[in-house]
Amino acid sequence: MTRPAIQLRQGRLRSPLFLYGTEQPELTLQLAGLSLTIRSDPEAGPLTLALRPPFNSPAMAITRQRVETSLRQTWPHLPLKNRAILRTGSGSYASRNHSAVSGPAALLLHAALAGVNLRQDLVLIGDLDPEGGLTRPRHSWEYLQALRSGEGGRLVVPPDLLAELRSLVVLEDPGFFLKWEVLVTSTLPAALPLCDATGDPEGFATASASFGEIRRLSQEMDVGALAVHPRVRERLQQIAKTAPFHCSSSMLLLQGSSQRPTRLDPEVLARILLSTLEPLSWITRAETSSLTAPRLDAAHEDCRKQLDPLVRYARREDQDLMKEALALANVPRTLGRTRKRATAEDLEEPQPERRAARLTELHRRFQADLPAFLSRLAALSGTPEPSRH
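One numbering rule holds for all chains: residues counted from 1, following each sequence as written. Residues qualify for local features only when their pLDDT is at least 70, as the model is predicted, and side-chain atom pairs are given and counted only at 80 or more; totals for whole chains, interfaces and linings, by contrast, use all residues. In computing side-chain properties, one takes all heavy atoms of the structure into account and sets aside hydrogens as well as water.

1. So, the layout of surface pockets
Here is step 1 of the chain: In this analysis a 1.4 Å probe is tested at points of a 1 Å grid over the protein atoms alone, and where it fits but cannot get out there is a cavity; an open set with protein on both sides within 12 Å along at least five of seven lines is a pocket; lining residues have an atom within 4 Å of a point. Grid points are joined across faces, edges and corners, and a volume is the space filled by probe spheres set on the points. Of the voids in this model, the largest pocket is the one considered here, and its volume is about 900 Å³.
Here is step 2 of the chain: Lining the largest pocket are 31 residues, and of these Ser 275, Thr 276, Pro 279, Asp 302 and Gln 306 sit closest to its centre.
Here is step 3 of the chain: Put simply, DSSP marks the helices as runs of H or I at least four residues long and the strands as runs of E at least two long, and each gets a number from the N terminus on. Elements with a minimum of two residues in the lining of the largest pocket: strand S2 (27–40), helix H3 (140–145), helix H11 (266–277), helix H12 (281–285) and helix H13 (293–307).
Here is step 4 of the chain: When residues in the lining of the largest pocket are grouped by element, the largest group, six residues, is from H13.
Here is step 5 of the chain: Under the convention adopted here, Pro, Cys and the residues Ala, Val, Leu, Ile, Met, Phe, Trp and Tyr are nonpolar, Asp, Glu, Lys and Arg are charged, and Gly plus all remaining residues are polar. When grouped by side-chain class, the residues that make up the lining of the largest pocket number 14 nonpolar, eight polar and nine charged.

2. Quick notes on the packing of H11 against H13
Here is step 1 of the chain: Axis geometry follows a simple rule: fit a line to the C-alpha atoms, using only the stretch in contact for helices, then measure angles between N-to-C directions, giving values from 0 to 180 degrees. Axis separation between H11 and H13 bottoms out at 10 Å; the angle between their running directions is 165 degrees. With respect to each other, H11 and H13 are oriented roughly antiparallel. Remark: the crossing between H11 and H13 carries right-handed chirality. Every residue of H13 that contacts H11 at Leu 273, Thr 276 and Leu 277 is listed here: Cys 303, Gln 306 and Leu 307.
Here is step 2 of the chain: Its residues assigned to classes, the contact of H11 with H13 comprises four nonpolar, two polar and no charged. Working definition: roughly parallel below 35 degrees, roughly antiparallel above 145 degrees, roughly perpendicular at 65 to 115 degrees, and oblique for all remaining angles. Handedness of each helix crossing follows the sense of rotation of the near helix against the far helix: counterclockwise by less than a right angle gives left-handed, clockwise gives right-handed. Residue contacts follow a heavy-atom distance rule, with two residues in contact if any of their heavy atoms lie within 4.5 Å.

3. Section: the packing of aromatic side chains
Here is step 1 of the chain: Between the rings of Phe, Tyr and Trp (Trp by its six-membered ring), a pair exists once the centres lie within 6.5 Å; its type follows the angle of the planes, with under 30 degrees stacked, over 60 edge-to-face, and the other angles tilted. According to the stated counting rule, one finds four aromatic pairs in the structure shown.
Here is step 2 of the chain: Ring centres of Phe 176 and Phe 177 lie 5.4 Å apart, and the angle between their planes is 75 degrees; on these two criteria the pair is classed as edge-to-face.
Here is step 3 of the chain: Taking relative accessible area as the criterion, Phe 176 reaches 1% and is therefore assigned buried.
Here is step 4 of the chain: When accessible area is computed with a 1.4 Å probe and restricted to protein chains, residues below 20% of their type maximum are described as buried, those above 50% as exposed, and intermediate ones as partly exposed. Judged by relative accessible area, which is 0%, Phe 177 ranks as buried.
Here is step 5 of the chain: Ring centres of Phe 204 and Phe 245 lie 5.2 Å apart, and the angle between their planes is 50 degrees; on these two criteria the pair is classed as tilted. Taken together, the positions of Phe 204 in helix H7 (residues 204–217) and Phe 245 in the loop between helix H9 (230–242) and helix H10 (247–255) put the pair 41 residues apart, joining distant regions of the chain.

4. Some details on the pairing of strand S3 (residues 48–52)
Here is step 1 of the chain: Taken together, the five bridges between S3 and strand S4 (residues 82–87) define a ladder with parallel strand orientation. If you follow Leu 51 over to S4, its bridge partner there is Leu 86.
Here is step 2 of the chain: With its strands directed away from the observer, a crossover is right-handed exactly when the path from the first strand over the helix to the second travels clockwise. With helix H1 (residues 58–72) bridging S3 and its parallel neighbour S4, the resulting β-α-β unit is left-handed. Each pair of strands is called paired provided DSSP finds at least two bridges between the two strands.

5. Description of the packing of H7 against H9
Here is step 1 of the chain: Across the interface, H7 lies against H9 with an axial gap of 9 Å and an inter-helix angle of 150 degrees. Between H7 and H9, the angle is such that the two are roughly antiparallel. Where H7 crosses over H9, the two elements pack in a sense that is left-handed. Contact with H7, carried on its side by Ala 207, Ser 210, Phe 211, Glu 213, Ile 214 and Leu 217, involves Val 232, Arg 235, Leu 236, Ile 239 and Thr 242 of H9 and no other residues of that element.

6. Focus on unusual backbone geometry
What is expected of a backbone is that most residues other than glycine have negative phi and most peptide bonds are trans.
Here is step 1 of the chain: Here the amide bond leading from Arg 52 into Pro 53 is cis, since omega sits at -5 degrees, within 30 degrees of zero.
Here is step 2 of the chain: Inspection of the secondary structure puts Pro 53 in the loop between S3 and H1.
Here is step 3 of the chain: Unusually for a residue other than glycine, Leu 47 sits at a positive phi of about 45 degrees.
Here is step 4 of the chain: We classify Leu 47 as buried; its relative accessible area is 7%.
Here is step 5 of the chain: A positive phi is found at His 98, a non-glycine position, where the angle reads about 55 degrees.

7. Description of the environment of Pro 230
Here is step 1 of the chain: Take Pro 230: it is sitting in helix H9.
Here is step 2 of the chain: In this structure the C-alpha to C-alpha distance between Pro 230 and Gly 256, which are 26 residues apart in sequence, comes to 9.8 Å.

8. Some thoughts on the pattern of salt bridges
Here is step 1 of the chain: Should a side-chain nitrogen of Lys or Arg be within 4 Å of a carboxyl oxygen of Asp or Glu, the pair is scored as a salt bridge. Scanning the model with the defined rule gives 20 salt bridges in all.
Here is step 2 of the chain: Arg 96 serves as the salt-bridge partner of Glu 142, at 2.9 Å between the closest nitrogen and oxygen. Of the two residues, Glu 142 is situated in helix H3 and Arg 96 in the loop between strand S5 (91–93) and helix H2 (102–114); the sequence distance between them amounts to 46 residues.
Here is step 3 of the chain: A relative accessible area of 12% places Glu 142 in the buried class.
Here is step 4 of the chain: For Arg 96, a relative accessible area of 7% puts it in the buried group.
Here is step 5 of the chain: Between Arg 271 and Glu 164 there is a salt bridge whose closest N-O contact spans 2.5 Å. Within this pair, whereas Arg 271 is found in helix H11, its partner Glu 164 is found in helix H4 (residues 162–170), the two being separated by 107 residues in sequence. Taken individually, Arg 271 and Glu 164 each receive the classification buried, so the pair is uniform in this respect.
Here is step 6 of the chain: One salt-bridge network, held together by shared partners, links Arg 96, Glu 142 and Glu 278.

Structure representation (structure tokens):
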């Protein structure tokens, strides 16, 4: 029985994740800088994984199991008595991520065993399935939104994220595919050579260099004009032919074609609606007496700001779904107005208890309607269940 030596005992990688602040327990979505350190530990099993700050949840047990499954596909006998400490940067890992850190953790460990230093501009979005393959994380749409601003780099994603990437063309953000060189792969052993800081694999290196030239052209030319330029399209077609997994070239070709999509796929629309309406769940958990008009008004405004632009991108068949979403987004405003009336002292209403009863009834109805709608969206989107964290 031969066990592999650990070639690298440190590594770094970025991935968008929900984190809790270390000083204030506020949940934020960040492009987290993950750092891995592998230490000898006589009490550890085969390359035991732990998060710091600690994360105690059933999702962590799932993460460990799937990371081990992924590693054993390449190294059946893992090194013993070593503990892999994964630090989540400026915050604590949130349960909302579920097992989304499993993909980045596994890539870092694959790199450590293979002796591959990862690119500094690398970002990975990918959960692991029970067989150890890369798959779309539960909150993949929100993770993508965290990357729409910033400097960009090389982004590695699983194949089942393609529908959401295509939706960025629908939403008129083709520049995403110049900012990020997006590569699609279903396994971490296949991803590892594309993540190597020392250079790309033979064959792909030329294609990536050609894409780099197109990126430089984009500094002088609008992305719309670039995507239809004949010589640029020739280069993009050659890149896509040489590297079929080069998603950026395929999406830019789609942007400049007569088949450019203008409507969101129904499952992607459901994921977007789910991510937009889930933040209203705090209202369903709150006591009626604790609801305040300013916070309710802010929730309404933020939700409508995200929903209103989507109407023009939804298919005709999905307009009823959009109407339901908009109606639910308006409930916090109605609750806020009712709260103001229920607490006003200068109204002529002689029975203030009737206004309070109206507020309680509206709140009770929302407590039933929102979770039911989120469950419907989860089923439409292919998401296991709506998060309540």
